[in-house]
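# Reading the structure
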Amino acid sequence: MRVTYWCEMVWLPPGEVVENVAVIVDGARVAEVRPGVPAPPGAVRLAGLTLPGLANGHSHAFHRALRGHTQTGRGSFWTWREQMYGVAGRLDPDTYLALARAAYAEMALAGITCVAEFHYLHHGPGGVPYDDPNVMSHVLVRAARDAGLRIVLLDTCYLTGGIGNALTGPQVRFGDGDADGWASRAEELALAYEGEEDVEIGAAIHSVRAVPPEQMHVVVDFAHRHSGPLHVHVSEQRAENEACVEAYSATPVQVLHDHGVLGPRSTAVHATHLSDVDVALLGGSTTHVCMCPTTERDLADGIGPARRLFDAGSPITLGSDSQAVVDLLEEARAVELDERLATMERGHWRAADLLNAATAAGHSSMGYPDAGSLVPGAWADLVSVRLDSVRTAGATRATAAESVVFAATAADVYSVVSGGRVIVEDGRHALGDVGALLRDAIARVRA
């Protein structure tokens, strides 16, 4: 089915805002892009600035049940983690489906059309596998499809509760015994979605804390065999670095480099506390780096060297991570604004650079290089942002991108087309009242 959208303004490669653009969609793909034309008869009109779909490069869907609860009192990443384990210990396939569906619908309302789910909640209580050992993965795929998103399911290898420590408590739900056990289950998952265009099965090494270096090659081999993305948490906390250096006489980045984890299909998530050698290794291998500024601020992680990494050769992407806020426009501007706080200088990133991180670079890191740009043949993902709200009023063609990146919020997204399917119209998701869905799903998890 061919549909023509006529857009008041569109952000087109390599980063130019163009007025009066007809985007012709055929099925799930963009067929034609015609700049500078009057509205064709019967076209669907999209006001404001239309962007390619946003790519959420790092998500833990079940963390949405933590919002508000973990912001009370004092503490650190490590005390927050105990509350996260509490939620992980209570989820089952039914409650996870409801929670993830609502969380992904919230992402759709924010203009996200593809999510990379860093998934390690594999098994039942006590670590006992379900009858279908991949049922929790299937739940996430169904939830994404219900919400209208493509999903990159990063099946995560999680074997130890710290360097040299066994899994304990709710962590036992994450483990598969060893990397070979993980790979056996992950292979079944990959086979189940072979040929499915809206699902990409990738791999993740949770961290150097959770996967012994001598077992990392199994995860790397799986990613290479399936030509899929490979993600890993890296140097989120100084304590992680200290433990790694004590155990291996090397930083986490150096350990990952020595065991073949880095490369152009790999993504280092957070990468907050890095040495100059770490930056050179990540950049020199063109490993993507996913920044999650809201989570990094919320957990008091620190400010990562995003600009230095980019200049060294690492493409920068963005993620919502813990779902403390779901707003990739906020994540985009935070990369610039946090760097201003760290350096006391302005202007490290252009709006176009930050939009690229939220779109094309993000999709590339997730195994969808044919998404994130409004060009013929690309996925038909169109996200329209109001330029007449109290946050964006006064924007012109010359300032539209800057107004969206530095002032707009997820609340200004009013129309979302994902793979040719309209999933948000006039600010309302096709599933209905997403706030009510979230309220009910979170209440069930926390009961």
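Refer to the structure presented above.
Predicted model, so just to flag it, every value in this text is computed and none were measured.

## Examining the overall build of the chain
- What the chain contains, in helices and strands, is 15 helices and 16 strands.
- Scaling as 2.2 N^0.38, a compact globule of 447 residues should have a C-alpha radius of gyration of about 22 Å, and the chain matches this with 21 Å.
- Counting only C-alpha atoms and orienting by the principal axes, one finds that the chain spans roughly 65 × 50 × 45 Å.
- Buried residues in the chain amount to 60% of all 447 residues.
- Counting contacts in the chain only where the partners sit at least 6 residues apart, residues at least 24 apart contribute 74% of the total.
- Accessible surface, the chain: about 16,400 Å² in total, of which carbon and sulfur atoms supply 52%.
- If you average the places of the 34 positive and of the 55 negative side-chain charges in the chain, the two averages end up 6 Å apart.

## Some points on helix α4 (residues 179-192)
- End to end, α4 covers 20 Å across 14 residues, agreeing with the expected 20 Å (1.5 Å per residue, within 8%).
- Where α4 is buried, its residues touch α3 (135-147), β7 (150-157), β8 (199-205) and α5 (216-225).
- Two or three places before Asp180, at the start of α4, stands the capping residue Asp178, its side-chain oxygen 3.2 Å from that residue's backbone nitrogen.

## Description of the sheet that holds strand β14 (residues 413-418)
- Reading across the sheet, the eight strands line up as β3-β2-β1-β4-β13-β14-β15-β16 and stay open at both edges, with mixed pairing between neighbours. The open sheet terminates on both sides in strands that have one partner only, identified here as β3 (29-34) and β16 (428-429).

## Some words on the packing of aromatic side chains
- Inspection of the entire model under this criterion finds eleven aromatic pairs.
- Where Phe62 meets Tyr120, the ring centres are 6.2 Å apart and the plane angle is 90°; that geometry is what we call edge-to-face. Taken together, the residues span a long stretch of sequence, with Phe62 in the loop between β5 (54-59) and α1 (77-88) and Tyr120 in the loop between β6 (112-119) and α3 at a distance of 58 residues. With respect to burial, Phe62 and Tyr120 carry one shared label: buried.
- One Lys or Arg, Arg29, reaches over the ring of Trp379 and ends 4.4 Å from the middle of that ring.
- Above the face of the Tyr368 ring, Arg150 is positioned so that its terminal group lies 5.0 Å from the ring centre.

## Brief notes about unusual backbone geometry
- Cis geometry marks the peptide bond from Pro13 to Pro14, where omega comes out at 5°.
- Considering the arrangement of structural elements, one finds Pro14 in the loop between β1 (2-12) and β2 (16-26).
- The phi torsion at Asn20 lies on the positive side, around 55°, for a residue other than glycine.
- Secondary-structure assignment places Asn20 in strand β2.
- On the accessibility criterion, Asn20 (31% relative accessible area) is partly exposed.
- We note that Ala300 has phi near 60°; this positive angle belongs to a residue other than glycine.

## Quick word on the sheet that holds strand β11 (residues 288-291)
- Read across the open sheet, the eight strands follow the order β5-β6-β7-β8-β9-β10-β11-β12; overall the sheet is parallel. The open sheet has two free edges, formed respectively by β5 and β12 (316-318), since each of these has just one partner strand. Taking each pair of neighbouring strands and ignoring which way they run, the sheet shows an average axis angle of 25°.
- Pairing between β7 and β8: seven bridges, direction parallel. Residue Cys157 lies in a different strand from β8, and its bridge partner there is Ile205.
- Together, β7, β8 and β9 (230-234) form the strand contacts of α5, whose direction differs from that of β8 by roughly 160°.

## Re the pattern of salt bridges
- Tallied over the full model, the rule gives 26 salt bridges.
- For Glu240, the salt bridge identified is with Arg209, shortest N-O distance 3.9 Å. Taken together, the residues span a long stretch of sequence, with Glu240 in helix α6 (residues 238-248) and Arg209 in the loop between β8 and α5 at a distance of 31 residues. Of the two residues examined, Glu240 and Arg209, each falls in the buried class.

## Quick notes on the packing of helix α2 (residues 93-109) against α3
- Where α2 contacts α3, the axes come no closer than 8 Å and their chain directions differ by 35°. α2 and α3 meet at a crossing whose hand is right-handed. Seen from α2, the contacting residues are Pro93, Tyr96, Leu97, Ala100, Arg101, Tyr104, Ala105 and Ala108; seen from α3, they are Val135, Met136, Val139, Leu140, Arg142, Ala143, Ala144, Asp146 and Ala147.
- Looking at side-chain class alone, the contact of α2 with α3 contains 14 nonpolar, no polar and three charged residues.

Quick notes on the rules
Residues numbered from 1 in each chain as written. Predicted model: local features only at pLDDT ≥ 70, side-chain atom pairs only at ≥ 80, totals over all residues. Heavy atoms only, no water. Helix = DSSP H or I, 4+ residues; strand = E, 2+ residues; numbered from the N terminus. Rg over C-alpha atoms; globule rule 2.2 N^0.38 Å. Buried < 20%, exposed > 50% of the residue type's maximum accessible area, 1.4 Å probe, protein only. Contact = heavy atoms within 4.5 Å. Areas by Shrake-Rupley, 256 points an atom, 1.4 Å probe, with all protein chains shown as cover. Lys, Arg positive; Asp, Glu negative; His and termini not counted. Charge placed at Lys NZ, Arg CZ, Asp CG, Glu CD. Expected span 1.5 Å × (residues − 1). Polar contact = N/O pair within 3.5 Å; in protein donor to acceptor, adjacent residues only side chain to side chain. Pairing = 2+ DSSP bridges. Phe/Tyr/Trp six-rings, centres within 6.5 Å; stacked < 30°, edge-to-face > 60°. Lys NZ or Arg CZ within 6 Å of the ring centre and 35° of its normal. Axes fitted to C-alpha atoms, helices over the stretch in contact; angles between N-to-C directions. Salt bridge = Lys/Arg side-chain N within 4 Å of Asp/Glu carboxyl O. Left-handed = near helix turned anticlockwise from the far one by under 90°. Nonpolar A, V, L, I, M, F, W, Y, C, P; charged D, E, K, R; others polar.

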